[in-house]
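What follows is each chain in one-letter form.
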Amino acid sequence: MATVTKESNMTTVTKICCIGAGYVGGPTCSVIAFKCPHIQVTIVDLNAERIAAWNSDTLPIYEPGLDEIVRACRGRNLFFSSDVDKGILEADLIFVSVNTPTKKSGIGAGLAADLAYVESATRRIARIATSSKIVVEKSTVPCRTAESMRAILEANSRENIHFDILSNPEFLAEGTAIPDLLKPDRVLIGSLQSEEGKRAQQALAAVYANWVPRANIITMGLWSSELSKLAANALLAQRISSVNALSAICEATGADVDEVAHACGLDSRIGPKFLKASVGFGGSCFQKDILNLVYLSESLHLPEVADYWRQIVTMNEYQKTRFFELVIRRLFNTVTNKHLAIYGFAFKKNTGDTRESAAITLVKQFIKEKANVHIYDPKVDDAQIEMDLTDPSVATPAEFKKHVTIHHDAYSCAQDVDAVVILTEWDEFKTLDYEKVYRNMNKPAFIFDGRLILDTTKMKKIGFQVDVIGRQVY
Ligand code: NAD
Ligand code: UGA
């Protein structure tokens, strides 16, 4: 059995196990295997169906560049398995990369992170491990979660087994996960400042050093590392809510939000990224992590701080509502029995992920107004759309059947509809033959651009009634 070897007081990692084969565990550990052929990497999950997909030709997630990486090392030094215990037993280092959703009930419901999956993975490591291990928090967790993990591991493990706990948050964005992992801006490794903690920190740093420049591997204390992840997501989302707040002012004044964002982004202190106005940010993490920060602030009796961060989510909800109301207003104050084509269901382009997608909120509201909704997304499975829209908070299966039709091309989706509503910025929506789209629509033909991707002058010329977030269209 592999153990942590110590050469000249250095710990060398030869076998890695990753618990959680999701959007983070899968790509992250596949890239580690790709860049470290001398390390055996096993990714385990309780979800046998997901593991089977990782072992098949159709991976469970769509991510540009991922197929090639997996194909290059699967069966060589990269393995996917539902035998969680074997993975734990064999590993020197274990990533805990399980989901940490917002709690749905109990104390902190609607705000705090649900750490049940982290706790159950940690308890399993304690129960199964027969040798010392480095345990790495890869999941995004509240500040000081490592303390709870340590308590669980120490109270439940066998004698003479030592666990070092590290925080190594992940910063990849979906759709660009592979380039993000191959060339990360930084890798954070937090540890306790003990001798053993620092040795474990160096062992993980040595893994990343196989492809990440040492200067980009940042070591720090555990609590700073945990908080840095929540902080980074909050700051990124804050920029989007700021530009979305400006988009409302632009629509009312005649300023153009893209021009304003461009002008501000040229200031090197501000920078150009994450200033694209939109129908609202989605994704599994921004909202969850900000609410987590709100909960942390409240728990620390810092209500002003909590209110400050909460406003980012409030503004995001406002943006989605504003866009919905715009569609209703422009369609003569009713969409009942009208036909709407929804272009894009994923929360951003280049992913099939729909978690917290603005499309779910918008379509839910259209269904409540009894509109007939036609949906086209190049990468989201039909079953996923159905699952998202038959959630009890959205629509009953009967309402879904009556009001929603899923299409597999953009033109059939817009056939005989009153309006096209763009909710995801897929490249293909920029280059469609909009004359053809227009020809087959009911007139007047409306188009609503929630992603600022259309040439509005061209659209007007074709004959569309055009509305864009953050801009008046004349
Ligand atoms: P995910 O839901 O896609 O994957 C989590 C996986 O963990 C699931 O397949 C689940 O079956 C498995 N799992 C849960 N408990 C388990 C257990 N006890 N044993 C074995 N498997 C178990 O989640 P994700 O998107 O990969 O996110 C994972 C973590 O990474 C979250 O904390 C998230 O906040 C963070 N994160 C996500 C992203 C992203 O882009 N999705 C980016 C950075 C960080
Ligand atoms: C985000 C962060 O960018 C990652 O660094 C982080 O690791 C990840 O969350 C996480 O913790 O899960 P992700 O949600 O995958 O990544 O994608 P982003 O590119 O950040 O986009 C999030 C949402 O914001 C999308 O709906 C996107 O369309 C929207 N967005 C993004 C805008 O509306 N405007 C922008 O300028 C940028």
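Note: the structure precedes this text.
Here is what the cut-offs are and how they apply
Residues numbered from 1 in each chain as written. Chains lettered and ligands numbered in written order. Predicted model: local features only at pLDDT ≥ 70, side-chain atom pairs only at ≥ 80, totals over all residues. Heavy atoms only, no water. Helix = DSSP H or I, 4+ residues; strand = E, 2+ residues; numbered from the N terminus. Pairing = 2+ DSSP bridges. Axes fitted to C-alpha atoms, helices over the stretch in contact; angles between N-to-C directions. Contact = heavy atoms within 4.5 Å. 1 Å grid on protein atoms, 1.4 Å probe; cavity = no way out; pocket = protein on both sides within 12 Å on 5 of 7 lines; lining within 4 Å. Points joined across faces, edges and corners; volume = space filled by probe spheres on them. Nonpolar A, V, L, I, M, F, W, Y, C, P; charged D, E, K, R; others polar. Phe/Tyr/Trp six-rings, centres within 6.5 Å; stacked < 30°, edge-to-face > 60°. Buried < 20%, exposed > 50% of the residue type's maximum accessible area, 1.4 Å probe, protein only. Lys NZ or Arg CZ within 6 Å of the ring centre and 35° of its normal. Parallel < 35°, antiparallel > 145°, perpendicular 65-115°, else oblique. Near = heavy atom within 4 Å. Polar contact = N/O pair within 3.5 Å; in protein donor to acceptor, adjacent residues only side chain to side chain. Areas by Shrake-Rupley, 256 points an atom, 1.4 Å probe, with all protein chains shown as cover. Right-handed = clockwise from strand over helix to strand, strands pointing away. Expected span 1.5 Å × (residues − 1). Patch = residues over 30% accessible without salt bridge, like charges linked within 9 Å, V, L, I, M, F, W, Y side chains within 5 Å. Salt bridge = Lys/Arg side-chain N within 4 Å of Asp/Glu carboxyl O.

1. Remarks on the environment of E154
Relative to the assigned elements, E154 resides in helix α6 (residues 145–156). The sequence separation of E154 and K443 amounts to 289 residues, and the corresponding C-alpha distance is 69 Å.

2. A short note on the sheet that holds strand β12 (residues 372–376)
Ordered by their spatial adjacency, six strands build an open sheet running β13-β12-β11-β14-β15-β16, and the pairing between neighbours is parallel. Looking at strand neighbours, the two that pair on one side only are β13 (404–407) and β16 (465–468), the edges of this open sheet. Ignoring strand direction, the axes of neighbouring strands in this sheet form an average angle of 20 degrees. Where strand β14 (residues 419–422) and strand β15 (residues 446–449) come together, four bridges link them in parallel fashion. Looking at the pairing, V421 lines up with F448 of β15. Taken strand by strand, helix α13 (residues 358–368) contacts β11 (339–343), β12 and β13, and its axis lies near 155 degrees from that of β12.

3. Examining the layout of surface pockets
The calculated volume of the second largest pocket comes to roughly 260 Å³. Together, 16 residues line the second largest pocket, and E251, R322, L326, R329 and D467 are the ones closest to its centre. Breaking the lining of the second largest pocket down by element, the ones donating at least two residues are α12 (303–330) and β16. The leading source of residues in the lining of the second largest pocket is α12, at seven residues. Grouping the amino acids of the lining of the second largest pocket by side-chain chemistry returns six nonpolar, two polar and eight charged.

4. A closer look at the packing of aromatic side chains
A complete count under the given rule lists twelve aromatic pairs for this structure. Each ring, one from Y438 and one from F464, has its centre 5.2 Å from the other, and the planes form 70 degrees; the classification is edge-to-face. With Y438 in helix α17 (residues 434–439) and F464 in the loop between α18 (456–462) and β16, this pair connects stretches of sequence that are 26 residues apart. Across the pair, exposure class does not vary: Y438 and F464 are buried alike. Centroid distance F446 to F448: 6.2 Å. Interplanar angle 10 degrees. Geometry classified as stacked. With relative accessibility at 3%, the residue F446 sits in the buried group. Cluster of aromatic residues (ring-pair linked, three or more members): F274, F281 and F286. Across the ring face of Y62, the terminal group of K379 is positioned such that the distance to the ring centre comes to 4.3 Å. Here the guanidinium or amino end of K443 rests over the ring plane of Y438, the centre of that ring lying 4.7 Å away.

5. Quick look at empty space enclosed by the protein
Per the counting criterion, the structure on display carries one cavity of 30 Å³ or more. Of the voids in this model, the largest cavity is the one considered here, and its volume is about 40 Å³. Along the walls of the largest cavity sit E137, S139, T140, V141, S167, P169, E226 and K229, which together make up its complete lining.

6. Let's talk about the packing of α6 against helix α9 (residues 222–253)
To characterise two packed helices, one gives the angle between the axes of the helices and the distance between these axes. It is the contact of α6 with α9, at a shortest axis distance of 9 Å, that shows an interaxial angle of 125 degrees. Classified by the interaxial angle, the pair formed by α6 and α9 is oblique. Facing T145, A146 and E147 of α6, the residues of α9 in contact are L222, W223 and E226. Among the residues forming the contact of α6 with α9, the class breakdown is three nonpolar, one polar and two charged.

7. Remarks on the site of ligand 2
The environment of ligand 2 is made up of 20 residues, and the closest members are L172, S278, C285, F347 and R451. In the model, an oxygen atom of ligand 2 is placed 3.4 Å from a nitrogen or oxygen of the E170 main chain. In this structure, an oxygen atom belonging to ligand 2 sits 2.8 Å away from a side-chain N or O atom of K348. Here ligand 2 has 690 Å² of accessible area as a free molecule, and 90% of this is covered by the chains. Sort the elements by how many residues they give to the shell around ligand 2 and α9 lands first, with four residues.

8. Observations concerning the pairing of strand β8 (residues 163–167)
Most of β8 is tucked away, with five of its five residues classed as buried. Across the two faces of β8 the burial is the same, with F163, I165 and S167 and D164 and L166 all buried. This β-α-β element, strand β7 (residues 133–137) to α6 to β8, shows right-handed connectivity.

9. Some thoughts on helix α11 (residues 286–299)
In this model, α11 (14 residues) spans 20 Å end to end at C-alpha, consistent with the 20 Å of a helix rising 1.5 Å per residue. Within α11, eleven of the 14 residues are buried, which leaves the element mostly enclosed by the surrounding structure. Looking only at α11, the buried set comprises F286, Q287, K288, D289, I290, L291, N292, L293, V294, L296 and S297. Check the buried side of α11 and you find it contacts α9 and α12.

10. What about the environment of V420?
With respect to the secondary-structure elements, V420 resides in strand β14. Relative accessible area serves as the criterion here: at 0%, V420 is assigned to the buried category. V420 sits 374 residues away from L46 along the chain, and the two C-alpha atoms are 41 Å apart. The contact partners of V420, leaving out residues within four places of it in the chain, are A341, Y343, A414, V437, M441, F446, I447 and F448.

11. Overview of a nonpolar patch on the surface
Taken together, the side chains of L300, L302 and V305 make up a nonpolar region of the molecular surface, amounting to roughly 240 Å² of accessible area. Looking at the element boundaries, V305 is found in helix α12.

12. What about the site of ligand 1?
Close to ligand 1 lie 26 residues, the nearest being V24, D45, R50, T100 and K288. Contacts to ligand 1 include D45, whose side-chain N or O atom sits 2.6 Å from an oxygen atom. S120 is positioned such that a nitrogen or oxygen atom in its side chain is 3.1 Å from a nitrogen atom of ligand 1. Here ligand 1 has 840 Å² of accessible area as a free molecule, and 92% of this is covered by the chains. Considered class by class, the residues forming the shell around ligand 1 number nine nonpolar, ten polar and seven charged.

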